[in-house]
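Coordinate analysis (summary)
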Amino acid sequence: MSDVVTFYHAEPSRSSMTRLLLEELGAPYEIERLDLKAGDQLKPDYLAINPMGKVPAIRHDGALVTETAAIFIYLADAFAQAGLAPAIGDPQRGPYLRWIVFYAACFEPAIVEKARKIAPGPRAMSPYADFDTVWSAVLTMLKPGPYVLGERFSAADVLWGAALSWMTSFGLCPPASEVEAYLARHAARPAVRRLAQAG
Ligand SMILES: N[C@@H](CCC(=O)N[C@@H](CS)C(=O)NCC(=O)O)C(=O)O
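Small disclaimer: the values here were computed from a predicted structure and weren't measured. (Residues numbered from 1 in each chain as written. Predicted model: local features only at pLDDT ≥ 70, side-chain atom pairs only at ≥ 80, totals over all residues.)

A short note on the nonpolar core
Within the largest apolar cluster, 46 residues are counted, with the highest numbers of intra-cluster contacts made by Leu21, Phe72, Leu75, Ala76, Ala155 and Leu159. Of all the elements in the fold, those that place two or more residues in this core are strand E1 (5–9), helix H1 (15–25), strand E3 (57–60), helix H3 (68–78), helix H4 (93–115), helix H5 (131–142), helix H6 (155–169) and helix H7 (177–187). The biggest single contributor to this core is H6, with eight residues. A domain split of this core shows at least three residues from each of domain 1 (5–84) and domain 2 (93–190). Those residues in contact with Leu159 that lie beyond four places of it in its chain are Met17, Phe72, Ile100 and Tyr103. (Core = buried A, V, L, I, M, F, W, Y, C linked by C-beta atoms within 7 Å. Buried ≥ 20, exposed ≤ 12 C-beta atoms within 10 Å, placed from the backbone. Helix = DSSP H or I, 4+ residues; strand = E, 2+ residues; numbered from the N terminus. Domains from an automatic or database assignment. Contact = placed C-beta atoms within 7 Å.)

In structure tokens form, the structure reads like this:
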């Protein structure tokens, strides 16, 4: 059994969010770097790890995990001593899982389709209803503040802080004071500054 996380990563890419989580958790990790432009993600060795040919993926204690939302839930529980995951039985566990999964199940498809100017189609067929509904839910999530779970900073904030700052930088999010204030808190985190300096 090894505590060290093997982290399949490409820079710049969505896997940077997982790297930030590893830093926030203080988890020991070693990077297996992929060059997406060179097509490393489509080579048989990596497809055996993630048949989707996507980063991130992690290996830890014999478990192979892909999909950012699953990786976040897994790592925050595996390194519970960092205090970034409400435990099973904690009333905040439900909202915590809700907002992490909402990111992958609703927010990402909504924002990607918006960026590609693809209409969501009939509301009843769309897994996310429509962009305005998703965005309004995001603002509802952030409104009480300062964090997704109120006073408690969690792995959900690592995900949302990284995702919203990335998507805001691409001009994909409508302007909102809640988001601005949330992103200022995100940018001030020592782990965010450390990684920005590391490049
Ligand atoms: N559903 C995956 C999506 C990951 C994803 O889209 N990764 C991109 C990096 S931004 C990727 O690996 N792209 C390489 C490719 O598609 O060839 C997750 O949430 O982890």
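That shown, we press on.
Some points on the domain arrangement of the protein chain
Taken domain by domain, the protein chain consists of domain 1 (5–84) and domain 2 (93–190). Contacts between the two partners involve twelve residues from domain 1, matched on the other side by eleven residues from domain 2. Mapped onto the side of domain 1 that touches domain 2, the elements with two or more residues apiece are H1 and H3.

What about the site of the ligand?
Every residue near the ligand is listed here: Ser13, Arg14, Leu36, Gln41, Gly53, Lys54, Val55, Pro56, Glu67, Thr68 and Ala104. By residue class, the composition of the shell around the ligand is four nonpolar, four polar and three charged. (Near = placed C-beta within 6 Å. Nonpolar A, V, L, I, M, F, W, Y, C, P; charged D, E, K, R; others polar.)

As for the packing of H1 against H3
Two numbers describe how H1 lies on H3: the axes approach to 10 Å, and their chain directions differ by 5 degrees. On the basis of the axis angle, H1 is roughly parallel to H3. Between H1 and H3, the contacting residues are Met17, Thr18, Leu21, Leu22 and Leu25 on the first element and Thr68, Ile71, Phe72, Leu75 and Ala76 on the second. Of the residues that constitute the contact of H1 with H3, the class distribution is eight nonpolar, two polar and no charged. (Axes fitted to C-alpha atoms, helices over the stretch in contact; angles between N-to-C directions. Parallel < 35°, antiparallel > 145°, perpendicular 65-115°, else oblique.)

Focus on the pairing of strand E2 (residues 29–33)
The sheet contact formed by E1 and E2 spans five bridges and is parallel. Counted as the bridge partner of Val5 is Tyr29 from E2. Handedness of the crossover joining E1 and E2 through H1 is recorded here as right-handed. (Pairing = 2+ DSSP bridges. Right-handed = clockwise from strand over helix to strand, strands pointing away.)

Some thoughts on unusual backbone geometry
Of note, the amide linkage connecting Val55 to Pro56 takes the cis form, showing an omega dihedral of 5 degrees. In this structure, Pro56 sits in the loop between helix H2 (44–47) and E3. Residue Gly145 is joined to Pro146 through a cis peptide bond whose omega torsion reads -5 degrees. Among the secondary structure elements, Pro146 is positioned in the loop between H5 and H6. Not every positive phi belongs to a glycine, and Glu67 is a case in point at roughly 80 degrees. Overall, the presence of 15 C-beta atoms within 10 Å leaves Glu67 in the partly exposed class. In this model, Ala129 sits at a positive phi of 65 degrees, which is unusual for a non-glycine residue. Within the secondary structure layout, Ala129 lies in the loop between H4 and H5.

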